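# Chain and residue survey
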Amino acid sequence: MKLYKAGAAVAAAVALALTATACGGSGDKASGDAGSSGGAKKDKVVIGIKFDQPGIGLKNPDGKFTGFDVDVATYVAKELGYQPDQIEFKQAISAERENLISNGDVKFVVASYSINEKRKAKVDFAGPYLLAHQDLLVRADDTSITKPEDLNKKKLCSVTGSTSAQNVKEKLAPEADLKQNAGYSECLTALESKAVDALTTDNSILAGYAAQEKNKGKFKLAGLSLSNENYGIGLKKGDKELQTKINAALKKMVADGAWEAAVKTNFGPAGYKNEPAPQITEGS
Amino acid sequence: MFDFLDSGQYDVLGAFWVTVQLTLYSAIGSLIWGTALAGMRVSPVPLMRGFGTTYVNVVRNTPLTLVIIGCSLGLSETLGITLGGTTFKETGFRLAVLGLTAYTGTFVCEALRSGINTVPVGQAEAARALGLSFFQVLRLIVLPQAFRAVIAPLTNVLIALTKNTTVAAAIGVAEAALLMKEMIENEADALFAVFGVFALGFVLLTLPTGLLLGWVAKRAAVKR
């Protein structure tokens, strides 16, 4: 009987906790919805970014967001009439970007999003705002890789299913021993412990990792341009008005030097030589 | 809508073949390891019982992703164990089989232990009275009957294992889930079609397994 009472008490406590969180959850959702629909109050804008790529888009332990994409998103939002405290960042992992946009969960996506034809069938782009190249990150004392052919004898690491990994397998170095990990951080560990010789993906992402405080001086970029990736801002298909506004914002960002400054602060410390700001090609 | 399948760019069947291989090797491994664990858990030696119980409870409650990434990060990248593989492809496959075996073995053990409980105690007592040793009792009297009782639960474990092989994509084993990731990266305009192809693939792998072994289970069960 005593056990039964204790059980009932626990059940009641759990039920209470559940209802309490459910209330909190629905409350959050309601305010989020108001933001994304941007109704009469126009109080919030939801933007999709990466949460796990230092230098590009990173959610820090204190809840703040840093990275180049974050700076671009903040600048564009400001031009659209939203103050930084009116921005709500939402995680946009690679496979979900198109759905987030077409479902209207986010107003636009700034998440190292390369413009290509297949994606353009699903969403529209503004920009590009950055020209990145596939490159290699190697240990700072490694001088054995100078051209793509050198890779055929090397151990290489990239992320499962990424375009960079496919490029290596199909075009750049089919003979290379390619390890595909779930995330770039795992690759970085392997690179440091010499389990692999190089880590490959877009140079902007690599520069972000190399520029992290804990990695300073350990790694360097090989400086190879293995592909061209034009990062664009993804938005709902057919929204010409928003596209024009974002393009104008990007042009202004380049013109007033904020673009250059953002590149320098986010990628600078890793010997990253940035391309000049790309010409706007989408929807102009 | 499914034109990405005709492009010749993706070896869907090849990827599913790797899934099947992963499943088969891990199934054989975990059957052996699970039987050994079940033997330990019912053995008269307290140390072995203790090890069996601890191992099963710890590994069974560790997420499979952690087990497999632990194999890759801990065993391979940090300790340098390659299990005889010369490339990451070979090593990754073997590590995945190791991880899946270590994990699935616990479920095989628990299923088998429930089967052992279906064998009437009197049989073991009678066998012991005849002078059989513990291993002889287990091998000749108890396990044959226990296996016949647990074919259905083991089928569930096998089906779960088939689906669990997708976790191996996390350490870069080129099976179905990894190819799906690649295709989603490239075929942004056919997201649901890609997903559908792989979902169907797994249904085609697991449904016949369930039907076939369900039939076998009915035929083999010991009628008491």
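Everything below is about the structure shown above.
I will try to describe carefully the structure that is included in this document.

What counts, and where the lines are drawn
Residues numbered from 1 in each chain as written. Chains lettered and ligands numbered in written order. Predicted model: local features only at pLDDT ≥ 70, side-chain atom pairs only at ≥ 80, totals over all residues. Heavy atoms only, no water. Axes fitted to C-alpha atoms, helices over the stretch in contact; angles between N-to-C directions. Helix = DSSP H or I, 4+ residues; strand = E, 2+ residues; numbered from the N terminus. Parallel < 35°, antiparallel > 145°, perpendicular 65-115°, else oblique. Left-handed = near helix turned anticlockwise from the far one by under 90°. Contact = heavy atoms within 4.5 Å. Nonpolar A, V, L, I, M, F, W, Y, C, P; charged D, E, K, R; others polar. Disulfide = S-S within 2.5 Å. Buried < 20%, exposed > 50% of the residue type's maximum accessible area, 1.4 Å probe, protein only. Buried area = accessible area lost by both parts, 1.4 Å probe. Salt bridge = Lys/Arg side-chain N within 4 Å of Asp/Glu carboxyl O. Polar contact = N/O pair within 3.5 Å; in protein donor to acceptor, adjacent residues only side chain to side chain. Patch = residues over 30% accessible without salt bridge, like charges linked within 9 Å, V, L, I, M, F, W, Y side chains within 5 Å. Areas by Shrake-Rupley, 256 points an atom, 1.4 Å probe, with all protein chains shown as cover.

### Some points on the packing of helix α3 (residues 64–78) of chain B against helix α4 (residues 88–118) of chain B
All names here are of chain B. The interhelical angle for the contact between α3 and α4, taken along N-to-C directions, is 135°, at an axis separation of 9 Å. Considering the angle they form, α3 stands oblique to α4. Considering how the two elements wind past one another, α3 and α4 form a crossing that is right-handed. Across the interface between the two elements, Leu-64, Val-67, Ile-68, Cys-71, Ser-72, Leu-75 and Ser-76 of α3 pack against Thr-91, Leu-95, Ala-96, Leu-98, Gly-99, Leu-100 and Tyr-103 of α4. The residue inventory of the contact of α3 with α4, partitioned by class, reads 10 nonpolar, 4 polar and no charged.

### Quick word on the state of the cysteines
Under the counting rule described, the total for this entry stands at 1 disulfide over all chains. Note that A:Cys157 is cross-linked by a disulfide to A:Cys187, the S-S spacing being 2.1 Å. The chirality of the disulfide connecting A:Cys157 with A:Cys187 is left-handed, given an S-S dihedral of about -75°. With A:Cys157 in strand β9 (residues 155–159) and A:Cys187 in helix α6 (residues 184–192), this residue pair connects regions lying 30 residues apart in the sequence. When sorted by exposure, A:Cys157 lands in the same class as A:Cys187, which is buried. In this structure B:Cys71 is not part of a disulfide, and its nearest cysteine sulfur, from A:Cys157, lies 17 Å away.

### As for the interface of chain B and chain A
The interface is formed by 23 residues belonging to chain B together with 27 residues belonging to chain A. Summing both partners gives a buried area of about 2,200 Å² for chain B against chain A, and 50% of it is carried by carbon and sulfur. Of all residues in chain B, the largest losses of buried area upon contact with chain A belong to B:Glu77, B:Phe88 and B:Glu185, amounting jointly to 32% of the total for that side. Linking chain B with chain A are 4 salt bridges. Its salt-bridge partner being A:Lys118, residue B:Glu187 comes within 2.9 Å of it at the nearest N-O pair. Taken together, chain B and chain A are joined by 11 residue pairs in polar contact (both at pLDDT 80 or more). When contributions to the side of chain B that touches chain A are tallied by element, the ones reaching two or more residues are α3, α4, α8 (176–186) and α9 (191–220) of chain B. At 6 residues, α8(B) tops the list of elements feeding residues into the side of chain B that touches chain A. Taken together, the residues of the side of chain B that touches chain A break down into 11 nonpolar, 5 polar and 7 charged.

### Some words on a nonpolar patch on the surface
On the surface, B:Leu79, B:Ile81, B:Leu83 and B:Leu98 cluster together to form a nonpolar patch covering roughly 340 Å² of accessible area. Turning to its location among the elements, B:Leu98 is positioned in helix α4.

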